[in-house]
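# Geometric and topological summary
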Protein chains: 2
Amino acid sequence: METPRFLSREQAIAIREEFGSPVFVYDETSLRANASEVLRFPNAFGLTARYAMKASSNAAILSIFREVGLKIDASSGHEVERAIRAGIPAEDISLSTQELPENFAEIAKQGTTINACSIDQLKRIGEALPGSSIGLRFNPGMGSGGTAKTNVGGPSSSFGIWHGKLDEAREIAEQHNLNVFRIHTHIGSGSDPAVWQKTAAMSIDIVREFPTVTNLNLGGGYKVGRVAGEQTTDLQVVGAPVKEAFQKLAEETGRELHLEIEPGTWLLANACALVTSVQDMTDTGSDGYQFLKLDAGMTELLRPSLYAAQHPYTIIPVEPTEETGDYVIVGHCCESGDLLTPAPDDAEALAPRKLAKTAIGDVCVIDGVGAYCSSMTAKNYNSFPEAPEVMLRESGKTQLIRRRQTLDQILENEIPL
Amino acid sequence: METPRFLSREQAIAIREEFGSPVFVYDETSLRANASEVLRFPNAFGLTARYAMKASSNAAILSIFREVGLKIDASSGHEVERAIRAGIPAEDISLSTQELPENFAEIAKQGTTINACSIDQLKRIGEALPGSSIGLRFNPGMGSGGTAKTNVGGPSSSFGIWHGKLDEAREIAEQHNLNVFRIHTHIGSGSDPAVWQKTAAMSIDIVREFPTVTNLNLGGGYKVGRVAGEQTTDLQVVGAPVKEAFQKLAEETGRELHLEIEPGTWLLANACALVTSVQDMTDTGSDGYQFLKLDAGMTELLRPSLYAAQHPYTIIPVEPTEETGDYVIVGHCCESGDLLTPAPDDAEALAPRKLAKTAIGDVCVIDGVGAYCSSMTAKNYNSFPEAPEVMLRESGKTQLIRRRQTLDQILENEIPL
């Protein structure tokens, strides 16, 4: 019999009983273990590991990571404020954003460092904060994906300053007397050490053009396997060539670069489960499909619909059984795209899963939902309220860290005609 | 020079000035005109047109539609409550849901009619409300899409009772003495009258099996063109064969069926614009792309990322110009999938648009965002607050119908560890 990744069958049932369904459950033990691994990332002259908080932004998660020594990568001005409210010191936050907030100068004065992610951001920062210290995010011209598709690096990516504009960026920085102390080159490097070697070399080539740079930030994008057949990045393996490249630069130039990394998925993905219920079953005849309908869907878990993401599903039958069934799992929205078990390469193609034989009322645990799930959902679609979040403490006790939303809250900003 | 669909350039600029950016703007005139067209849908023996409120659920929209005579199609128990709070009489609401709410008996007793959408829903309703009136939603075995893909009808659809289970459904209804007064067969019929003819015939064949049925509900799914080359369903054209089929049944059997339809997109799609701002521009060199970054994205408009949906974008340059540029438009999230101008068949392929030459600070109006936009977004991702909604009254005045969300509201359910 399959079991969920970190929840026991009894825990899953007890959590549903206490907090209702659906509910996100984060595992403090996994969060701390993953953070420890990240903090052991190979480095030559020091490491700062930042949690990419957009992956899941609950203050409880931020505070656990703060305790163990992670800093914060914020992707918007709102996230900076949210992190500060959660008790993160401003100087422990780095902001890399597609939309520079209007109050960026205030944010910088509080101590948060900013990476200019475009030529215009650089100009605005230079004009408002001449003489200040700044990071520069570059697009080095290569990403881990294809070329005509969305990507975090390469010609199809809108992220960062295009490497061909390096001279222009340097001139603007000089013009405003900016101290460029950090280069940032998040390109989504995956799990292949050869790609990391190339990434590090390209990034160091950019660093060579800026003698004031002391920190190199390689961003995030470290893939994690959620289901069988998907690979998890071994940080020790991919980090080794990076460390070597830093050492080589030091031997050659005397410059000892501080390494920064910004994982989100790697820290969170498998440290959270969504406890749901099978609330209906239908089928479309002997040549069709057998469908499980959960009391959750794209309102809690958008990645399958958006990216054909694969998650493990574990049925917890009321009566343990050796029997199985082939089920297509769908969400509770009146939306044909609310499909939780798509084919790996096609979000609209139905891919049945072999699961324990189930019945209406059974718990269904969805694993691998820590990153870009609770924080990136089609919430309130069909007017379903946002699901609560629970922390499974190291002690084994559970603690509510976000209450279930109410319909009153969904409506509170409406103004009648 | 291009212009937005219903906003003048001056209105768009004034609305941004008054309500901030981004902001949804609904056009009361279009809403009323579309409702009038829907209420003229060809019918032989009476028509009830229901607004599929999941398309956009603001009370202001519901109340305008109520005024002109539309009823409501709700897709969850939460939507029923929301509609009632907006002043819709319970008996004007019909519930067809993938997740029967626990309080369904109470909902039915208030006057809302329920369509059983699965065998189990039918059993639960029969047990709780023996002798009551009920609708049955069937999956007639055909939809307007392919067969191995998500669909609202056919073997790949989880919606409704499979037509092969018709006898079973009838037996359950008889067993609980249920009065089956309505058959529902939403299969997403598109704009082809031949498909409508077939749909109507299949649905009427189901009606023949239930002598107590007085109403046939054909659901929604009436496609609307948002950009050039996309077709808008002509209701008079697709409705004609439906009317004929109803007349034929009456001649043959004496049964005069009342027609129900449930449009969402058709009523809303082109009656709303999203007023946004160009907040940054980047490019990836002469062989790459020129990117416009808006202060909105998948947090307001998820359809491009989810379904490669095409929307019209109009730049309103501060200085009117005849010059154009080829731009890829991206959203403000740190997410490579936050792409607003995908290729029509691939949400991850970049498709530049020829637009008026633009500069940072220009207004960008996104049209065609009335349906499944404000109600179905990745809101709060990157901690961006939910955008406000405004109604452009027939008088030309604008009225705020939903305030912009605050960070306090995003965080209000969090509980520190």
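Cut-offs applied
Residues numbered from 1 in each chain as written. Chains lettered and ligands numbered in written order. Predicted model: local features only at pLDDT ≥ 70, side-chain atom pairs only at ≥ 80, totals over all residues. Heavy atoms only, no water. Helix = DSSP H or I, 4+ residues; strand = E, 2+ residues; numbered from the N terminus. Rg over C-alpha atoms; globule rule 2.2 N^0.38 Å. Contact = heavy atoms within 4.5 Å. Areas by Shrake-Rupley, 256 points an atom, 1.4 Å probe, with all protein chains shown as cover. Lys, Arg positive; Asp, Glu negative; His and termini not counted. Charge placed at Lys NZ, Arg CZ, Asp CG, Glu CD. Buried area = accessible area lost by both parts, 1.4 Å probe. Salt bridge = Lys/Arg side-chain N within 4 Å of Asp/Glu carboxyl O. Polar contact = N/O pair within 3.5 Å; in protein donor to acceptor, adjacent residues only side chain to side chain. Least-squares fit on C-alpha atoms with pLDDT ≥ 70 in both. Domains from an automatic or database assignment. Expected span 1.5 Å × (residues − 1). Buried < 20%, exposed > 50% of the residue type's maximum accessible area, 1.4 Å probe, protein only.

On to the overall build of chain A, then. Per the secondary structure count, chain A includes twelve helices and 20 strands. Rg of the C-alpha trace for chain A: 23 Å, near the compact-globule value of 22 Å for 417 residues, within the 12% margin. Dimensions along the principal axes, computed over C-alpha positions, put chain A at roughly 70 × 55 × 45 Å. Considering only residue pairs separated by 6 or more positions, chain A has 71% of its internal contacts joining residues 24 or more positions apart. Accessible area for chain A stands at about 14,400 Å²; split by element, carbon and sulfur atoms hold 47% of it. Across chain A, 37 positive and 55 negative side-chain charges occur, with their mean positions spaced 4 Å apart.

With that settled, consider the interface of chain B and chain A. The interface of chain B with chain A comprises 101 residues on the first partner and 101 residues on the second. A combined buried area of about 8,500 Å² lies between chain B and chain A, and 52% of that area is made up of carbon and sulfur atoms. A per-residue breakdown of the area chain B buries against chain A is headed by Thr150, Asn413 and Leu417 of chain B, which together make up 9% of the total. Where chain B meets chain A, there are six salt bridges. Close ionic contact of lysine 165 of chain A with aspartate 283 of chain B constitutes a salt bridge, the shortest N to O distance being 2.9 Å. Counting across the interface, chain B meets chain A through 42 residue pairs in polar contact (both at pLDDT 80 or more).

Superposing chain B onto chain A takes a rotation of 180° combined with a translation of 0.0 Å along the rotation axis, leaving an RMSD of 0.0 Å. Here the transformation between the copies is reduced to the relation of a two-fold axis. Of the residues that chain B buries at the interface, 100% are likewise interface residues in chain A, meaning the two copies contact each other through the same surface.

Glancing now at the domain arrangement of chain A. All names here are of chain A. Each domain of chain A was delimited in the assignment, giving domain 1 (9-22 + 269-411) and domain 2 (28-263). A straight line from the C-alpha centre of domain 1 to that of domain 2 covers 33 Å. Contacts between the two partners involve 21 residues from domain 1, matched on the other side by 19 residues from domain 2. Summed over both sides, the interface of domain 1 with domain 2 buries roughly 1,600 Å², with 51% coming from carbon and sulfur. Of all residues in domain 1, Tyr372, Met391 and Glu394 give up the largest surface area on contact with domain 2, accounting jointly for 30% of the area buried on that side.

Each neighbour pair has its own omega, and for serine 21 of chain A with proline 22 of chain A the value is 0°, a cis peptide bond. In the Ramachandran plot, asparagine 177 of chain A falls in the positive-phi region, its phi being about 60° despite a non-glycine side chain. Of note, the phi angle at alanine 308 of chain B is positive, near 55°, even though the residue is not glycine. Looking at the secondary structure, you find alanine 308 of chain B in the loop between α11 (303-307) and β13 (313-316).

Below, the discussion takes up helix α9 (residues 235-253) of chain B. The end-to-end C-alpha distance of α9 of chain B, which contains 19 residues, comes to 27 Å, matching closely the 27 Å that a straight helix rising 1.5 Å per residue would cover. The N-capping residue of α9 of chain B, defined by a side-chain oxygen 3.0 Å from the backbone nitrogen of glutamine 236 of chain B, is aspartate 234 of chain B.

This part is about the side chain of serine 94 of chain A. Residue and element names in this part refer to chain A. Here serine 94 is to be found in strand β4 (residues 93-96). Serine 94 gets classed as buried once you look at its relative accessible area, which sits at 0%. Of note is the side chain of serine 94, whose polar atom sits 3.1 Å from the side chain of arginine 182. If we ignore the near neighbours within four places in the chain, the residues touching serine 94 are Arg50, Ile72, Asp73, Ala74, Thr112, Thr113, Asn115, Arg182 and Glu262.

As a further point, take the pattern of salt bridges. All names here are of chain B. Summed over all chains, the structure comprises 44 salt bridges over all chains. The partner of aspartate 167 in a salt bridge is arginine 170, and the shortest N-O contact between them spans 2.6 Å. Of the two residues, aspartate 167 and arginine 170 both sit in helix α7 (residues 166-175), three residues apart, roughly one turn of that helix. The partly exposed category is assigned to aspartate 167, whose relative accessible area is 44%. On the basis of relative accessible area, arginine 170 is assigned to the partly exposed category, the value being 21%.

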